Structure formats: structure tokens, C-alpha cells
Protein chains: 2
Amino acid sequence: MTLHDEGPVGADALDRVTWALRRAELAVTALKEQRLRSLGMAAAHYSLLIAVHVDPGLAGAELARRLNVTPQAVASLVTRLEGRGQLERRPHPRHRHVQELHLTDAGRDALRKADSVITEIEQQITEKLGAKDSTQLKALLGQVTDAIQQVQPAGPFSRPVTLRDDGTPG
Amino acid sequence: MTLHDEGPVGADALDRVTWALRRAELAVTALKEQRLRSLGMAAAHYSLLIAVHVDPGLAGAELARRLNVTPQAVASLVTRLEGRGQLERRPHPRHRHVQELHLTDAGRDALRKADSVITEIEQQITEKLGAKDSTQLKALLGQVTDAIQQVQPAGPFSRPVTLRDDGTPG
DNA sequence: GGTCGACTATCAAACGTTTGACATGGCGCA
DNA sequence: TGCGCCATGTCAAACGTTTGATAGTCGACC
């Protein structure tokens, strides 16, 4: 936009906020996945369980929007977790075609164990940063999210996108 | 670890650093994908191209490590980008079985356009935060990454993990 | 100089996800 | 009351990725 085109492309690429953001998120996700693995749970399962825990009776489509995945992916996960006896599908009282999602006791138990693992990671980070910096980091990250969603009204683009070989949208 | 087990699980889940981190990264990635889409390029392609641009002659396996994906995924992307004439495979001077990756002129051109889009997003963020906070955000994110890698020596777990239905590692 | 070890690249198969399309059911409006 | 509209959920297919296994090649050590 200004005069950054002068230098070689990507000269400052390694020193960008979005890169630091990506690397941090990648590292955290990888560690979560590793720790959760010993409990026989994937990060996606944890995300789904805790979302249902926070808002019991959630519908699959709504859940998909919150997790930024397609309803199909949610259905897949739900079927799996239901098979494990951790999640339960109940008919919606008003909308017959909709089904509510609820945690079973086994699901709550699994979530409790998984959450302690996640909490432990969270604590390792906050201890390293200190209370003050942790709070500010959260605030700054919130500003980033706001700045993005200000430009992009959280519409149909919040979900992943793929491209065909020729570049046309899939 | 201390006494957080008292309250209901996940009561503070929405106020965690790692959640703020994830949401911010998700938003940024989605926006990048959206903007890059109009150029017929996916974020993964951009990441690969810029990595090759920064370190020309990179081998596929090394590239895979840097991008935190498997060599297979890199090979898939490389084949595609090579088909578009943006990337080039050259024989390695010493190691016959290894192939160097280089950008073509078309690749450099595509990268330049893509990078301007990414830079624009970066600027929108830094403008919103201000120079000072942007710098600190980068520093804090760096601390998070360090804190994680301090526990997890960047070994074979830096790559994504999947789980089978029964919970055993795939 | 020959052999062991490590690394690179590639093939085949399984998995999970997105995409596209369709049937079902509730709700607003004329 | 009847009709169109929107949302939810599910099915079939395509895509991209990881996993597992194999062959080829260089460098080091004996």
C-alpha cells in the first residue's frame, strides 16, 4: 500500500504478527494433541465436548458454526462420541427434525480428565508469562480478532476454504 | 493442579489464553484464505512459495518440517504448483536423489501479488493495535511458543496427530 | 574399499473433511 | 388455511492429508 514493495518479497515475512500468531497456535495445538492423546481423545473431540458442556442442548448446525467446521464434520464427530457413550442425541421438544446434544456421565468424566490436561498447559503458559502479561496477551488477541471480524463480518467465510487445481473455488 | 477442580468444568474455558489464541488465529487464517482466494491461491500454497523464496533450493523433506506437515503433503502441493508453472524441481548438485525447489518467474510474480494481500492484512492489524502493542504482541507470542517448545523439544510431535475411533493412535 | 546407518522421495491405502444435493419439518405472510 | 421460505440433518462423492512401507542415494566408520 505504501512503499513496502521496494524490498524483496517476504523479506520481513519472518517478523510478522500473523506469523508469530500462527507459530504459537501451532505449538499449543500440537502440545494439546500430544497430551490429550494419552487420554484417547483428539483436540476436536475436546472442543466439541466442552462446547456442549457450556451450552447443553445445542443443535449440530449451531455447533458447527461455533467450531468453524461444516455440519458434516460435526455429525461425524458426534456419531463417534455417541458410539463411545460420551454424547447423547435427544429429540428437540419443539422442532422434531432437530436433535439436541447432551453429555452423558461418561462424557462429563472424560471431559473432566481432558480439561485438567488443558488447564495444566494453560497454567504453564500463564506462569511463564506472569499474570499481568497473560491478561494483556488475551486483550491483544481479542483486539486482533475484533480487527479481523470488523473487516469480515463473521459471515460464510468463517469456515475453511479449499481450491481446485486450476485455482477456481471448489 | 491446585483447586480449580471445584467449579464446573470449563467454567473459565472461554477466558483462556489458548482460546483467545485459537480464535485469533482462526480469524486471521480465514481472512487470508478469503483474500487469497481471489488470486486463485490457497494459504498453504502461499506458505510454501514464501518458504522457498526465503530459502531457495530447499528440499521437500526440509520444507515439510518447516511447514509442520508431512513430506507427502509437500509433494502434493509441489506437484500442483509445478503444474501451474510457479515452482521448479531441479536435481541437487551433490545428492542425486534429492531435488531442489526453486521459484519460477511466474511463481515470483504470483508470490508478489499474494504477499501484497497478506501484507495488507498485516497492516490492518498493526494499525489497529499500534506499533508499540504490535511489537509486544509479537514478543508475548514468542514467549508462548518458547514456553511450549521448552516442554516439548520440537520433536516428532510438531506434526498433526489423528486418532482412531477407539482412541488408539492412528 | 566395503558396509552400516540416516535421509530423501515415492507408492498404495485409510482416514477425515469439504462439497453438493436432497428430504424433512417449522414459521411467517398473504 | 395454504404457500413459500429458511434451517436442520443426512446421503454420496471428491479432495487433501496422514499413515505405513519401499527403493534409492550419500556419508561415515571400520
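Residues numbered from 1 in each chain as written. Chains lettered and ligands numbered in written order. Predicted model: local features only at pLDDT ≥ 70, side-chain atom pairs only at ≥ 80, totals over all residues. Heavy atoms only, no water.

**Quick look at the confidence of the model for chain A**
All names here are of chain A.
- Confidence in the prediction for chain A averages 86 pLDDT; 83% of positions are at 70 or higher.
- Confidence drops under a pLDDT of 50 for residues 1–6, and excluding neighbours within four residues, the segment shows six contacts in the predicted structure.
- This model gives residues 154–170 a pLDDT under 50, and the stretch forms 31 contacts once residues within four places in sequence are excluded. (pLDDT = per-residue confidence, 0-100. Contact = heavy atoms within 4.5 Å.)

**Structural notes on the protein's contact with DNA strand D**
- Around DNA strand D, the structure places 22 residues, and the nearest of them are Ala61, Gln72 and His97 of chain A together with Thr70 and Arg80 of chain B.
- Among the atoms of DNA strand D close to the protein, meaning within 4 Å, 75% are from sugar or phosphate groups.
- Take glutamine 99 of chain A: an N or O atom from its side chain is 3.1 Å from a phosphate oxygen of DNA strand D.
- A distance of 3.2 Å is found between a phosphate oxygen of DNA strand D and a side-chain nitrogen or oxygen belonging to arginine 94 of chain B.
- Breaking the surface near DNA strand D down by element, the ones donating at least two residues are α3 (60–67) of chain A together with α4 (71–83) of chain B.
- Among the elements that line the surface near DNA strand D, the one with the most residues is α4 of chain B, at four residues.
- Split into classes, the residues belonging to the surface near DNA strand D amount to seven nonpolar, 10 polar and five charged. (Near = heavy atom within 4 Å. Polar contact = N/O pair within 3.5 Å; in protein donor to acceptor, adjacent residues only side chain to side chain. Helix = DSSP H or I, 4+ residues; strand = E, 2+ residues; numbered from the N terminus. Nonpolar A, V, L, I, M, F, W, Y, C, P; charged D, E, K, R; others polar.)

**Things to note about the environment of leucine 101 of chain A**
Residues and elements named next belong to chain A.
- With respect to the secondary-structure elements, leucine 101 resides in strand β3 (residues 99–103).
- Given a relative accessible area of 3%, leucine 101 falls into the buried group.
- Along the chain, leucine 101 and aspartate 55 lie 46 residues apart, while their C-alpha atoms are 9.2 Å from each other.
- Among residues more than four places away in sequence, those in contact with leucine 101 are Val52, Pro56, Gly57, Leu58, Gly60, Leu63, Val78, Glu88 and Arg89. (Buried < 20%, exposed > 50% of the residue type's maximum accessible area, 1.4 Å probe, protein only.)

**Some remarks on the pattern of salt bridges**
All names here are of chain A.
- Applying the stated criterion across every chain yields a total of 22 salt bridges over all chains.
- Taking the shortest distance from any N to any O, the salt bridge between arginine 112 and aspartate 109 comes out at 3.6 Å. Note that arginine 112 and aspartate 109 are positioned in helix α5 (residues 105–129) at a spacing of three residues, about one turn of the helix.
- Within this structure, Asp55, Glu62, Arg65 and Arg66 form a network of salt bridges that share partners. (Salt bridge = Lys/Arg side-chain N within 4 Å of Asp/Glu carboxyl O.)

**Here we look at the relation of the copies chain A and chain B**
- Superposing chain A onto chain B takes a rotation of 180 degrees combined with a translation of 0.0 Å along the rotation axis, leaving an RMSD of 0.1 Å. Such a turn and shift between the copies fits a two-fold axis.
- Comparing interface residues between copies, 100% of those in chain A also sit at the interface in chain B, which points to an isologous, same-surface contact. (Least-squares fit on C-alpha atoms with pLDDT ≥ 70 in both.)

**Focus: the interface of chain A and chain B**
- Taken together, the 76 residues of chain A in the interface contact 78 residues of chain B.
- The largest per-residue losses of area from chain A upon contact with chain B belong to Val9, Val17 and Arg37 of chain A, which jointly make up 9% of the total buried on that side.
- Taken together, chain A and chain B are joined by six salt bridges.
- Counting across the chain A and chain B interface gives 15 residue pairs in polar contact (both at pLDDT 80 or more).
- Counting only elements with at least two residues in the side of chain A that touches chain B, the list comes to α1 (17–37), α2 (43–54), α5 and α6 (131–151) of chain A. (Buried area = accessible area lost by both parts, 1.4 Å probe.)

**Some remarks on the nonpolar core**
- In this structure, Leu137 and Leu141 of chain A together with Leu137 and Leu141 of chain B are the most contacted members of the largest nonpolar core, which totals 30 residues.
- For this core, the secondary-structure elements that each account for two or more residues are α1, α5 and α6 of chain A together with α1 (17–37), α5 (105–129) and α6 (131–151) of chain B.
- Leucine 141 of chain B has contacts with Val17, Ala20, Leu21, Ala24, Leu137 and Leu141 of chain A together with Leu21 of chain B, leaving out every residue within four places of it along the chain.
- In this structure, Tyr46, Leu48, Ile50 and Leu101 of chain B belong to the second largest nonpolar core, which totals 26 residues. (Core = buried A, V, L, I, M, F, W, Y, C linked by side-chain atoms within 4.5 Å.)

**Details of unusual backbone geometry**
- Residue asparagine 68 of chain A is not a glycine yet carries a positive backbone phi of 60 degrees.
- Here asparagine 68 of chain A shows up in the loop between α3 and α4 (71–83).

**Structural notes on the sheet that holds strand β3 (residues 99–103) of chain B**
All names here are of chain B.
- As summarised here, the arrangement of the three strands in space is β1-β3-β2, forming an open sheet in which the pairing is antiparallel. The strands lining the two open edges of the sheet, one partner per strand, are β1 (58–59) and β2 (87–91).
- Where β2 lies against β3, five bridges are found, and the strand directions are antiparallel. By the bridge assignment, proline 91 is partnered in β3 with glutamine 99.
- α4 contacts β2 and β3 of the sheet and is inclined by roughly 110 degrees relative to β2. (Pairing = 2+ DSSP bridges. Axes fitted to C-alpha atoms, helices over the stretch in contact; angles between N-to-C directions.)

**A few points about α6 of chain B**
- Over its 21 residues, α6 of chain B extends 31 Å from the first C-alpha to the last, a length consistent with the 30 Å expected when each residue adds 1.5 Å.
- Looking only at α6 of chain B, the buried set comprises Ser134, Leu137, Leu140, Leu141, Val144, Thr145, Ala147 and Ile148 of chain B. Across the axial projection of α6 of chain B, the buried residues extend over an arc of 160 degrees, all falling on one side. Among the exposed residues of α6 of chain B, those pointing more than 90 degrees away from its buried face are Ala131, Lys132 and Gln150 of chain B.
- Where α6 of chain B is buried, its residues touch α1, α5 and α6 of chain A together with α1 and α5 of chain B. (Expected span 1.5 Å × (residues − 1). Arc of directions from axis to C-beta.)

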